[in-house]
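Tertiary structure, described
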Amino acid sequence: MMVLSTRGVMFERLIVIVGTTGGKEIDMALPKDFIDTNDFTKEQILAIEDLGLAMKKAIKVDGYYPHLLRNKSLGMIFQQVSTRTRLSFETAMTDLGGHAQFYGPGTIQLGGHESLGDTARVMGSLLDIMMARVDRHKDVVGLAEGSAVPVINGMSEFNHPTQEMGDLMTMLENLPEGKKIEDCTLAFIGDATQVCLSLMFICSKIGMKFVQFGPKGHQICDGALHVGTEEERAEFGKKLMEIGDENCKLSGGSIVISDDIECIKGADFIYTDVWYGLYDEEVEGENYMDVFYPKYQVTMDMMNFAGPNSKFMHCLPATRNEEVADEVMDDPERSLCWVEAENRKHSIRALLATLGARTPLNDEGVEYSAKAELHAALDKICELQA
Ligand code: CP
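About the criteria used
Residues numbered from 1 in each chain as written. Predicted model: local features only at pLDDT ≥ 70, side-chain atom pairs only at ≥ 80, totals over all residues. Heavy atoms only, no water. Helix = DSSP H or I, 4+ residues; strand = E, 2+ residues; numbered from the N terminus. Rg over C-alpha atoms; globule rule 2.2 N^0.38 Å. Buried < 20%, exposed > 50% of the residue type's maximum accessible area, 1.4 Å probe, protein only. Contact = heavy atoms within 4.5 Å. Pairing = 2+ DSSP bridges. Axes fitted to C-alpha atoms, helices over the stretch in contact; angles between N-to-C directions. Phe/Tyr/Trp six-rings, centres within 6.5 Å; stacked < 30°, edge-to-face > 60°. Salt bridge = Lys/Arg side-chain N within 4 Å of Asp/Glu carboxyl O. Near = heavy atom within 4 Å. Polar contact = N/O pair within 3.5 Å; in protein donor to acceptor, adjacent residues only side chain to side chain. Areas by Shrake-Rupley, 256 points an atom, 1.4 Å probe, with all protein chains shown as cover. Nonpolar A, V, L, I, M, F, W, Y, C, P; charged D, E, K, R; others polar. Expected span 1.5 Å × (residues − 1).

Next up on the list: the overall build of the protein chain. When helices and strands are tallied, the protein chain shows twelve helices and eleven strands. For 386 residues, the compact-globule formula gives about 21 Å, and the C-alpha radius of gyration of the protein chain, at 20 Å, lands near that figure. Once the C-alpha set of the protein chain is aligned to its principal axes, its extents read approximately 60 × 55 × 45 Å. A burial count over the protein chain gives 57% of its 386 residues as buried. Restricting to contacts in the protein chain with at least 6 residues of sequence separation, those with at least 24 account for 74%.

Put into structure tokens, the structure is as follows:
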């Protein structure tokens, strides 16, 4: 994944846990925006995944493209470079019969001369849906608050929720024999990046076991990527763990964070992310290779230590032979990172079709094998929006 060169300021909006009360998930309408998976219930997240899988089948198996956003326009704001996220949003929008516009760094007003609220208001009147990859989480939150149309978070320094959806889809498609998703363990190896934190959010939401195997000082409970004094980071880390614990209370999931490799034993999915760049500008005197290598490099020995059938995942881009060895990344049996990259598109297509103002499916005269699944998945989304 893309790594930010500077780390976050105090988040103006950390997380609001919604939809929960007294340890029970309550019914709630689908939120307008997709900023954080903690804003959604497990049922809503799985319904979006079902829609994504049904559309994937319709397109890949039958060549049927469900034009659910016919003539609609998506605005894509990128304050940083991107391969997977940009391509996924753009092609998904085309698949749905709509059009995507790309605004690269410095090409539109975004909190400069014009206030963010004014920009959001205008963009919301010109577009049907928006996505933004931002330097600062508060900006994607501000866009969502100021815009009348749905806004999707394409990654901030805090989290990467569309990555979470692609990752969950990949795990659902690759469940170990005889296991449900709730029976599975995902072990994240290395630094508490926004992808690591996002995985803690989605795994705990779904009811999985989430493990972070990482060095002290680089664990989610240490404050993830948050910048501040040691006390501020510790306080922030405590809040992050409270979110995870609250999710687990509802879902039956669990969270383990440790620098002891024993914690990854039995993991079904081994996941890692880059080490480079996270601290280059803001933490003096610390060389990431000294911190992470070789203990936290994912090798085939580590994969086998976790279990003979453990699968490898990575959000990409990877720095080959730093956080992961070639033998793992390129192993056709163990590595899921390539299908995981493709699933960014299939899951993002579902997010767009869920949150966007849908046009009628109009497939009465068309036969395709995924038709019943696709209609059922759409009915479920409509029910959740009612
Ligand atoms: N994983 C991911 O977000 O990749 P990109 O930075 O290429 O979009």
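Spatially, the five strands line up as an open sheet ordered β9-β8-β7-β10-β11, and their pairing is parallel. Here the strands that pair on one side only, and so sit at the sheet edges, are β9 (254-258) and β11 (311-314). Direction aside, neighbouring strands of the sheet carry axes that sit 20° apart on average. By the bridge criterion, five bridges tie strand β7 (residues 185-189) to strand β8 (residues 209-213) in an arrangement that is parallel. Residue pairing across strands places Ile189 opposite Phe213, the latter belonging to β8. Together, β7, β8, β9 and β10 (269-272) form the strand contacts of helix α6 (residues 194-206), whose direction differs from that of β8 by roughly 160°.

With that settled, consider the packing of aromatic side chains. Per the stated rule, a full pass over the model turns up nine aromatic pairs. Measuring from centroid to centroid gives 4.0 Å for Tyr64 and Tyr368, while their planes differ by 15°, and the two rings are stacked. With Tyr64 in the loop between α1 (42-62) and β3 (73-78) and Tyr368 in the loop between α11 (337-355) and α12 (371-385), this pair connects stretches of sequence that are 304 residues apart. When its relative accessible area of 11% is taken as the criterion, Tyr64 is described as buried.

Two side chains of opposite charge can pair, provided their charged atoms sit close to one another. Taken as a whole, this structure holds 18 salt bridges when the rule is applied. Between Lys371 and Glu367 there is a salt bridge, and its shortest N-O distance comes to 3.7 Å. Look at Lys371 and you get buried, because its relative accessible area is 16%. Lys380 is paired through a salt bridge with Glu383; the nearest N and O atoms lie 3.6 Å apart. In this pair, Lys380 and Glu383 both sit in helix α12, three residues apart, roughly one turn of the helix.

Quick look at the site of the ligand now. Contacts to the ligand come from twelve residues, most closely from Ser82, Thr83, Thr85, Arg133 and His160. One of the side-chain nitrogen or oxygen atoms of Thr85 is found 2.7 Å away from an oxygen atom of the ligand. In the model, an oxygen atom of the ligand is placed 2.9 Å from a nitrogen or oxygen of the Arg133 side chain. In isolation the ligand exposes 260 Å². Once the protein is present, 97% of that is buried. Looking at the shell around the ligand, its residues break down into four nonpolar, five polar and three charged.

Along its 13 residues, α6 runs 18 Å from first to last C-alpha, staying within 8% of the 18 Å computed at 1.5 Å per residue. α6 sits mainly inside the fold: 13 of its 13 residues count as buried. Of the residues trailing α6, Gly207 is marked for its positive phi of about 100°.

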